[in-house]
Structures are given as C-alpha cells and as structure tokens.
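Each chain, letter by letter, is given below.
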Amino acid sequence: MGSRPVPLDAHYTDPLLVSLYDAENSGRDDTDFYLRLAAQLEARTVVDIGCGTGVLAVDLARDGRAVVGVDPAGAMLDVARARPDGDLVTWVEGTTDDLVGLVPQGSVDLVVMTGHVAQVFLTDDDWAQVLEAAARLLSPGGHLAFETRDPAAAAWERWTPELTHERVVTDDGSTSTSWVEVTSVDGGLVTFDGHTVLEDGVDRVSTSTLRFRDQRDVLGSVERAGFEQATVHGGWAGEPVGPGTTELVVVATAPRQA
C-alpha cells in the first residue's frame, strides 16, 4: 500500500470470496490488541493501512476517533462501507500515496497494519516505502503498530489441505469449504493456493505470496525508516518472542522532534 500497488489475489478482489472473508477470519485477538493499544496511547487520529473489510477501523471509530482506512481492494472496501457504522470511517481505495492531500503529514497519532498486511510487501524496497510513508503521516512521538508471522515458527509447514480444511457457515446459512496448500518456499517467500468451494461445487483458487521477515530484519527496517524505538511481542497477550510464539507484534515510536 505504498507508492507501488501490491498485486492483489482473488481472495481480495472476487466479491464471492470477499463475502466469506469475515466468517473465515472471525478471531478477535488481534483486533482487541490494537483497540487496547489505541486506548493506552490515547490515539485520536488513526490510519489503517490495508484495512480490508474494516472490522478494526470501524471499532476504532466507534470510540470517537477520526479514522482513515486505505486499501487497494475495492471489493473489500465495499464490505467495509456497508458495515454497521461504516460511515464513521473515511475509506480510501488505493495506497498511502492516495492519502496525500487528505491526511496532513505529521498529524496522525497511530498507524496500524493488521491482518498480516506487512507480509504482502515482498521486496525490501516496497516494505521500506510503506514504513517511510507511515513515518511521514505520524505526529512527533506517534506510533506505528503491525504484526508479521515469525519465520522461526514455520507456520507454512502447517498450511496443508489436511490441517487447514474448514467448513464455514455464513450468517445467511450458506456453506463453504476451504483449505490451503503451499506450492513454493523460496527463502523468505512462501506461495500458496487457497481453495474455496461454495455450494455450486466450483473450486475457486486464490494464489498468494507472503514475505516472512525475522525479528532482526523487521527491527532493522523499522529503524531505517526513522523510528526511534520498537517493542516486539510474541503474541497478542504481550508475551516475549521465543519458543512457542508465532507472531512478531511490533509497536514503534516516531521521533519526538523532526
């Protein structure tokens, strides 16, 4: 969501697959973490980069914050806008470049990237650009928060059809079956096919590639983007990174003086 658009896979662009997104990703641990963080930081202005279907953005806005959600996937934003209280959020279809003129630089208290959005930036240059864009948006002493899967946990080894097979029932009673199958592991790049079979029996395949960065790489990239300090948790309860943890949950502070 920086200056160069990230290629989007069908899971974010096919309206049928997008309609299942919230049902397939119904956990609240990450959302609740970012809501607590916003409250602790007393953040009044928030930019949600890669906001998706808007679950977190709307919850943040319900608490009286000024929230901007930006995402290049129009189908995801259609769901976000239609969400109850979706009109409380300013939705922007595009990248952080499209926030220029809409969100003054140096005016934002908190920038978030959730749903492992950090992993869709496959090259070091693209990742650096989005971090630098977040730094420009933040006020002195503002914060950036995001999570990325810890490669030490090798989550992709469990992305098999057998271990990921799931049947989902949506609010309207329709059902779908889904599973994931890894097709390539190349250094820090993991490519996989997400299969979704709806009641019509058609197997809709969405191919994705994610970048896994270790803690050293993540902290180095944050520092190079100009952030003064960063704290890394191993999960949503604030536990330290180590054996048994799977996430790198990062909270970084922008310089207090220009």
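Preceding this paragraph is the structure being described.
Everything quoted here is computed from the prediction, not taken from an experiment. (Residues numbered from 1 in each chain as written. Predicted model: local features only at pLDDT ≥ 70, side-chain atom pairs only at ≥ 80, totals over all residues. Heavy atoms only, no water.)

This part is about unusual backbone geometry. For E42, which is not a glycine, the phi torsion comes out positive at approximately 55°. Structurally, E42 is set in the loop between α4 (29-41) and β1 (45-49). Here H116, not a glycine, exhibits a phi torsion of approximately 60°, which is positive. Its place among the elements puts H116 in the loop between β4 (108-113) and α7 (124-137). (Helix = DSSP H or I, 4+ residues; strand = E, 2+ residues; numbered from the N terminus.)

Right, let's get into the packing of α4 against helix α5 (residues 55-62). Viewed as axis vectors pointing N to C, α4 and α5 meet at an angle of 35°, and their least axial separation amounts to 10 Å. Every pair of crossing elements has a handedness; the one defined by α4 and α5 is right-handed. Between α4 and α5, the residues in contact are T31, Y34, L35 and A38 and V55, L56, D59 and L60, respectively. Class assignment for the residues of the contact of α4 with α5 results in six nonpolar, one polar and one charged. (Axes fitted to C-alpha atoms, helices over the stretch in contact; angles between N-to-C directions. Left-handed = near helix turned anticlockwise from the far one by under 90°. Contact = heavy atoms within 4.5 Å. Nonpolar A, V, L, I, M, F, W, Y, C, P; charged D, E, K, R; others polar.)

What follows concerns α7. Along its 14 residues, α7 runs 20 Å from first to last C-alpha, staying within 8% of the 20 Å computed at 1.5 Å per residue. Within α7, the full set of buried residues consists of D126, W127, V130, L131, A133, A134 and L137. Buried residues along α7 cover an arc of 155° about the axis, so they all sit on one side. For α7, the secondary structure elements touched by its buried residues are β1, β4, β5 (138-149) and α9 (215-224). (Expected span 1.5 Å × (residues − 1). Buried < 20%, exposed > 50% of the residue type's maximum accessible area, 1.4 Å probe, protein only. Arc of directions from axis to C-beta.)

Below, the discussion takes up the layout of surface pockets. What the second largest pocket holds in volume is close to 420 Å³. S19, L20, T170, D171 and D172 are the residues nearest the centre of the second largest pocket, which is lined by 17 residues in total. When residues of the lining of the second largest pocket are traced back to their parent elements, those giving at least two are α2 (15-18) and α3 (21-24). Each residue belonging to the lining of the second largest pocket can be placed in one class, and the counts come to six nonpolar, four polar and seven charged. (1 Å grid on protein atoms, 1.4 Å probe; cavity = no way out; pocket = protein on both sides within 12 Å on 5 of 7 lines; lining within 4 Å. Points joined across faces, edges and corners; volume = space filled by probe spheres on them.)

The next thing to look at is α4. Its 13 residues place the ends of α4 18 Å apart at the C-alpha level, agreeing with the 18 Å of an ideal helix rising 1.5 Å per residue. Those residues of α4 not exposed but buried are T31, F33, Y34, L35, L37 and A38. Where α4 is buried, its residues touch α5, β4, β5, β10 (229-233) and β11 (247-253). E42 sits one or two positions beyond α4 and adopts a positive phi of about 55°.

All right, on to the nonpolar core then. One recurring pattern in soluble globular proteins is that nonpolar side chains are buried together. Within the largest apolar cluster, 30 residues are counted, with the highest numbers of intra-cluster contacts made by V47, V111, M113, L144 and F146. When contributions to this core are tallied by element, the ones reaching two or more residues are β1, β2 (66-71), β4, α7, β5, α9 and β11. Here the element with the most residues in this core is α7; it accounts for five residues. Once residues lying within four places of it in the same chain are set aside, the contact partners of M113 are Y34, I49, F121, W127, V130, L131, L144, A145, F146 and E147. L35, V58, A61 and L77 belong to the second-largest nonpolar core, a separate cluster that totals 24 residues. (Core = buried A, V, L, I, M, F, W, Y, C linked by side-chain atoms within 4.5 Å.)

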